[in-house]
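Working through the structure, step by step
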Amino acid sequence: MARIVLKFGGTSVGDVERIKNVARKVEQEVKAGHQVAVVVSAMSGVTNQLVKHCTDIDKLHDAREYDAVVASGEQVTTGLLAIALQSIGIPARSWQGWQIPIVTDDTHAKARIVSIDTTELEKRMSTGEVAVVAGFQGVSPNGRIATLGRGGSDTSAVALAAALKAERCDIYTDVDGVYTTDPRIVTKARKLSRITYEEMLELASQGAKVLQTRSVEMAMNHRVRVQVLSSFEPAPGSELPGTLVVDEDEIVEKEVVSGIAYSRDEAKITLIGVADRPGVAAGIFGPLSDAAINVDMIVQNVSEDGKSTDLTFTVGKADIDRAVKVLEDNKEALNYQRIVSDPNVVKVSVIGVGMRSHAGVAQRMFRALADKGINIQVISTSEIKISVLIAEEYTELALRSLHTVYGLDAA
Ligand code: ASP
Ligand code: MG
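Residues numbered from 1 in each chain as written. Chains lettered and ligands numbered in written order. Predicted model: local features only at pLDDT ≥ 70, side-chain atom pairs only at ≥ 80, totals over all residues. Heavy atoms only, no water.

A few words on the side chain of T395. By the secondary structure assignment, T395 is in helix α13 (residues 395-405). For T395, the side chain forms a polar contact with the main-chain oxygen of E392, separated by 2.5 Å. With near-sequence residues (within four places) excluded, T395 lies in contact with Y262, R264 and V346. (Helix = DSSP H or I, 4+ residues; strand = E, 2+ residues; numbered from the N terminus. Polar contact = N/O pair within 3.5 Å; in protein donor to acceptor, adjacent residues only side chain to side chain. Contact = heavy atoms within 4.5 Å.)

This is how it looks when you write it as structure tokens:
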């Protein structure tokens, strides 16, 4: 008898009919003899609405009260799913984060899970009761409700699976798995049957929206077997199940490139005429980090005259105005000539563990983009990833060309 965790996202619990449908899926697992915990999101659209209520009253709202408001969406779905289960004869009980408890740190609105006490849950699950757990929330050390950041119920599910030592964590969502790239843009994108934790982590953090990045980190650290699958009926002829996120040694054939992600969430800033001397980078990025602005890609050009150079970097699009302001406020101290910002960029990343053992992967990317006349503005790499920043208008063209060049196109 295995213990499993199932997680259902917002669209899967989007209305009462869908919640009844989820109850029938849970019933199947119970009938198969499993001990089941279910983690649910808020009904689709609800969290957005709750966030809006907060900002409509005050943009600078208190994070503790924001958490009190936005966590309520999940409370509703836990109760409704428990009722749906009970009504088809499956014993079930709802659990809010504080009731378990799922203890977090005190960074309200983006809290991290510190510990989960599963004693009571395990006792009840062993009697056949389904635990319906609110995703996205926990209780902070000061005893208040805390939320885990948008998309956080993936992390709740993986954390619970780790704490329960569950055999698997099935994440039901509105797509039927992880694809080589966004199938809405590249029609030849393929569903991957397996992907490594590391690749999934890069895909998620480089813009693929299937799983919250932190949930993948958590799965990797605790070796939780995660499966991404659709809660809707499979299209006729489509193969089940979804995508399994696993350890590298469970994958025999390692692709050089497994997936291509893109993100339109970044913007580019260039400081022109920056003095070329020690301490300049620290001087620039210090004030940005003090303002809690994350910097992602960075390039510094070599100066021709040894005196001044240009420095280009990216920040989140949402932070661009603040970033420019911080830099302008410090113009005198930083001693640059001009500042240029450009929000119309996209970051395209090719990802694959096979890169570690293959040469020429970056070169193929650069060649493919050059052949299409696409200019690369910034490059950054990790052991299993190459990212380039290009003009946003080339997103589709770049994704399609790279998908073909790396042999990812469906037959
Ligand atoms: N309901 C929350 C959100 O929309 C958490 C989640 O769905 O994962 O961000
Ligand atoms: Mg989600």
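From this point, things continue past the structure.
This next bit is on the pattern of salt bridges. All chains considered together, the criterion is met by 26 salt bridges. One salt bridge connects D170 with R168, and the closest N-O pair in it is separated by 2.8 Å. Classification of D170 as buried rests on a relative accessible area of 2%. Linking R356 and E198 is a salt bridge whose minimum nitrogen-to-oxygen distance equals 2.8 Å. (Salt bridge = Lys/Arg side-chain N within 4 Å of Asp/Glu carboxyl O. Buried < 20%, exposed > 50% of the residue type's maximum accessible area, 1.4 Å probe, protein only.)

Looking now at the environment of Q28. In this fold, Q28 is placed in helix α1 (residues 16-31). Given a relative accessible area of 55%, Q28 falls into the exposed group. Each C-alpha atom of the pair Q28 and S263 lies 38 Å from the other, and the pair is 235 residues apart in sequence.

We now examine the packing of aromatic side chains. According to the stated counting rule, one finds 2 aromatic pairs in the structure shown. Considering the side-chain rings of F8 and Y172, the 4.7 Å spacing of their centres and the 5 degrees angle between planes classify their relative orientation as stacked. Of this pair, F8 sits in strand β1 (residues 3-8) while Y172 sits in strand β9 (residues 168-173), placing them 164 residues apart in sequence. For Y172, a relative accessible area of 8% translates into the label buried. Look at F285 and F313: their rings are 5.1 Å apart centre to centre, the planes differ by 80 degrees, and that puts the pair in the edge-to-face class. (Phe/Tyr/Trp six-rings, centres within 6.5 Å; stacked < 30°, edge-to-face > 60°.)

Let's shift gears to a nonpolar patch on the surface. Judged by side-chain polarity, V76, L80 and I83 come together as a nonpolar surface patch covering roughly 250 Å² of accessible area. The partly exposed category is assigned to V76, whose relative accessible area is 45%. (Patch = residues over 30% accessible without salt bridge, like charges linked within 9 Å, V, L, I, M, F, W, Y side chains within 5 Å. Areas by Shrake-Rupley, 256 points an atom, 1.4 Å probe, with all protein chains shown as cover.)

Time to look at the site of ligand 1. Every residue lining ligand 1 is accounted for by S41, A42, T47, E74, F136, R150, G151, G152 and S153. Here ligand 1, which alone exposes 260 Å², has 86% of that area covered by the protein. The residue inventory of the shell around ligand 1, partitioned by class, reads 2 nonpolar, 5 polar and 2 charged. (Near = heavy atom within 4 Å. Nonpolar A, V, L, I, M, F, W, Y, C, P; charged D, E, K, R; others polar.)

Turning our eyes to something else, we now look at helix α10 (residues 320-329). I320, A323, V324, V326 and L327 are the residues of α10 that are buried. Buried residues in α10, looked at end-on, bunch into an arc of 160 degrees, giving them a common side. Seen from the open side of α10, the exposed residues pointing more than 90 degrees away from its buried face are D321 and D329. (Arc of directions from axis to C-beta.)

This brings us to the sheet that holds strand β19 (residues 378-382). The strand order across the open sheet formed by 4 strands is β13-β18-β20-β19, and the pairing between neighbours is antiparallel. Lying at the two open borders of the sheet, with one neighbouring strand each, are β13 (259-263) and β19. In this sheet, neighbouring strand axes are inclined to one another by 20 degrees on average, regardless of whether the strands run parallel or antiparallel. Where strand β18 (residues 345-351) and strand β20 (residues 385-391) come together, 7 bridges link them in antiparallel fashion. In the sheet register, K347 faces β20, and the bridge partner there is L389. Packed on one face of the sheet, α13 meets β13, β18 and β20 and runs near 170 degrees to β13. (Pairing = 2+ DSSP bridges. Axes fitted to C-alpha atoms, helices over the stretch in contact; angles between N-to-C directions.)

Attention now goes to the nonpolar core. If you look at the biggest cluster of nonpolar residues, it comprises 38 residues, and the most contacted ones within it are V5, L121, V133, L160, C169, M200 and V226. Secondary-structure elements contributing two or more residues to this core are β2 (35-40), α5 (119-125), β6 (130-134), α6 (153-163), β9, α7 (197-205), α8 (213-222) and β11 (226-230). Setting aside anything within four residues of it in sequence, one finds V226 in contact with V158, C169, I171, L211, A219, T243, L244 and V245. One finds Y262, V361, L399 and Y406 within the second-largest nonpolar core, a separate group that totals 23 residues. (Core = buried A, V, L, I, M, F, W, Y, C linked by side-chain atoms within 4.5 Å.)

Right, let's get into the sheet that holds strand β10 (residues 194-196). Spatially, β3-β6-β2-β1-β9-β11-β12-β10 is the arrangement adopted by the 8 strands of the open sheet, whose pairing is mixed. Because the sheet does not close on itself, it has two edges, and the strands there are β3 (92-95) and β10. On average, each strand axis in the sheet is inclined to that of its neighbour by 20 degrees, with strand direction left out of account. Where β1 and β9 come together, 5 bridges link them in parallel fashion.

Function cannot be inferred from these measures alone, as they are strictly geometric.
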